[in-house]
Amino acid sequence: MYKLIKKAGNARLGEFETVHGTVKTPGFMNVATVAAIKGGLDAEDLRTINTQVMLCNTYHLHVRTGDETIKELGGLHAFTGWNGPILTDSGGFQVFSLAKLRRIKEEGVTFNSHIDGRHIFMGPEESMRIQSNLGSTIAMAFDECVENPAEYVYAKQSCERTTRWLIRCKEEHERLNALSGTVNPHQLLFGINQGCTYDDLRVKHMEEIAKLELDGYAIGGLAVGEPTEEMYRVISVVEPYMPADKIRYLMGVGTPGNILEAVKRGVDLFDCVMPSRNARHGHLFTFGGVININNAKYEKDLRPIEEGCDCPVCRQHSRAYIRHLVKAKEVLALRLCVMHNLYFYNTLMARIRDAIANGTFDAFYNDYIGVLDERASD
Ligand SMILES: [Zn+2]
């Protein structure tokens with residue numbers, strides 16, 4: 001259940017209540033693809049860095065170790081030791097981006113596993129069953145994610161099919177929640193808005209899916225090849241048609257600057273692999289901009305990654321030590337870099353929430369929008 005607390009322009013401060021705890025929004029979900037954060041962080045680490053929601057990938061867990069097995073083991077919460085909210089994606093994005101030789105039909109998609117090549121069929125019902133077996137807090141509807149740019153005619157047909165799939169998802173989801181032996185009978189379902197970068201398709205699709213009274217609504221199919229300005233335009237176009245009393249999630253976005261822009265346009269929830277992916281290259285986020293720890297100037301720098309950062313890494317270690325670990329390709333380098341970056345994202349969201357609460361969101365936006373995605377000056 002979403003509760004809107006306060007607005008600053010279109011930016012929304014809110015709370016989203018789930019059976020696994022309350023999510024303060026705007027919020028950022030930490031991506032644990034195969035039920036683990038890349039970089040070696042476990043559930044205890046996630047609690048330490050103020051994570052609110054863990055996100056796991058349905059497709060990856062289905063092909064290995066298998067959702068039936070995870071159900072037998074008590075679901076994702078028991079399996080990972082994370083007792084907070086978990087969102088599972090539908091598998092759609094991976095099916096359309098990772099899998100080879102896919103065939104789309106009205107019933108669903110046939111594709112080959114990227115692990116062992118075996119044939120797999122996934123449609124709305126299969127995706128709902130897998131997510132029910134995983135026992136996540138929030139399940140995502142199964143949709144087709146179309147790459148941008150896409151032909152208008154194809155985008156329109158795909159959108160209409162995604163609506164029909166959503167109706168099937170909802171029916172199957174309700175059926176599964178009512179079964180005895182379901183891991184999480186209180187599982188929530190979010191619908192996903194599609195329509196590529198065509199405003200009329202986006203609006204019509206949002207109007208259609210809003211009628212289905214789902215627990216939340218996501219904007220999907222963005223940050224998949226279109227210019228950033230197009231993404232912001234689509235968010236602004238769709239936002240007025242998103243139910244105001246439901247949580248709104250922008251999938252797969254983005255840089256700290258992207259997030260700030262989307263919050264300003266009325267989005268509540270985010271996820272992105274960027275904090276961990278960039279950490280792999282030694283790119284570290286700070287409120288003064290992005291640091292590349294590989295840089296020679298940090299060789300003898302005894303300051304933490306960010307002065308004043310209260311994360312376990314900055315409290316203990318110097319830039320010089322982290323640079324050394326990165327250069328030596330030590331496993332610890334990735335762990336420390338990911339930990340700081342995720343802490344930064346979680347802290348960024350907390351500071352955005354504080355700014356909306358205090359009536360200083362515009363000032364916060366103006367102070368940081370030109371800084372966060374740029375290279376730090378020192
Ligand atoms: Zn830090």
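Caption draft 1: The arrangement of the nonpolar core in detail. I235, L250, V263, F270, I352 and F361 are the most contacted members of the largest nonpolar core, which has 97 residues in total. When residues of this core are assigned to their parent elements, the largest contribution, 14 residues, is made by helix α14 (residues 331–358). Split by domain, the residues of this core number at least three in each of domain 1 (2–272) and domain 2 (279–368). Excluding residues that lie within four positions of it along the chain, I352 makes contacts with P26, L260, V263, F361 and F364. Of all hydrophobic cores here, the second largest spans 18 residues; its members include L87, I192, I247 and L269.

Caption draft 2: Broad picture of the coordination of the zinc ion. Surrounding the zinc ion are the protein donor atoms C309 (SG), C311 (SG), C314 (SG) and H340 (ND1), which sit 2.1 to 2.3 Å from the metal. For the zinc ion, the four donor atoms are set out with angles of 102 to 115° between them, so the coordination reads as tetrahedral. Along the chain, the residues donating to the zinc ion fall in the pattern C-x1-C-x2-C-x25-H. The class for C314 is buried, based on a relative accessible area of 8%.

Caption draft 3: Inspection of the packing of aromatic side chains at higher detail. Going through the model one piece at a time under the given rule, you end up with eleven aromatic pairs. Centroid distance F16 to F190: 5.8 Å. Interplanar angle 65°. Geometry classified as edge-to-face. Of this pair, F16 sits in strand β2 (residues 11–18) while F190 sits in strand β11 (residues 188–193), and the two are 174 residues apart along the sequence. Look at F16 and you get buried, because its relative accessible area is 1%. Summarising the aromatic geometry, the rings of F285 and F344 are spaced 6.0 Å apart at their centres and angled 15° between planes, so their arrangement reads as stacked. Here the residue F285 occupies a position in strand β15 (residues 283–286), and F344 occupies one in helix α14, the gap between them amounting to 59 residues. Given the relative accessible area of 3%, F285 is considered buried. Classification of F344 by relative accessible area gives buried; the value is 2%. Through a chain of ring-to-ring contacts, three or more aromatic side chains come together here, namely F28, F285, F287, F344, Y345, F364 and Y368. Residue placement shows R161 over the ring face of W165; its charged tip is 5.7 Å from the ring centre.

Caption draft 4: Broad picture of the packing of helix α10 (residues 256–264) against α14. Packing of α10 against α14 brings their axes to within 11 Å, and their N-to-C directions diverge by 30°. Relative to α14, the element α10 is oriented roughly parallel. Read as a crossing pair, α10 and α14 show a hand that is right-handed. Along the contact surface, α10 presents P256, I259, L260 and V263, while α14 presents F344, Y345, L348, M349, I352 and I356. When grouped by side-chain class, the residues that make up the contact of α10 with α14 number ten nonpolar, no polar and no charged.

Cut-offs and rules
- Residues numbered from 1 in each chain as written.
- Predicted model: local features only at pLDDT ≥ 70, side-chain atom pairs only at ≥ 80, totals over all residues.
- Heavy atoms only, no water.
- Core = buried A, V, L, I, M, F, W, Y, C linked by side-chain atoms within 4.5 Å.
- Buried < 20%, exposed > 50% of the residue type's maximum accessible area, 1.4 Å probe, protein only.
- Helix = DSSP H or I, 4+ residues; strand = E, 2+ residues; numbered from the N terminus.
- Domains from an automatic or database assignment.
- Contact = heavy atoms within 4.5 Å.
- Donors = N, O, S within 2.8 Å, 3.2 Å for Na, K, Ca; no water.
- Tetrahedral: all angles 85-135°; square planar, octahedral: opposite > 155°, others 65-115°.
- Phe/Tyr/Trp six-rings, centres within 6.5 Å; stacked < 30°, edge-to-face > 60°.
- Lys NZ or Arg CZ within 6 Å of the ring centre and 35° of its normal.
- Axes fitted to C-alpha atoms, helices over the stretch in contact; angles between N-to-C directions.
- Parallel < 35°, antiparallel > 145°, perpendicular 65-115°, else oblique.
- Left-handed = near helix turned anticlockwise from the far one by under 90°.
- Nonpolar A, V, L, I, M, F, W, Y, C, P; charged D, E, K, R; others polar.

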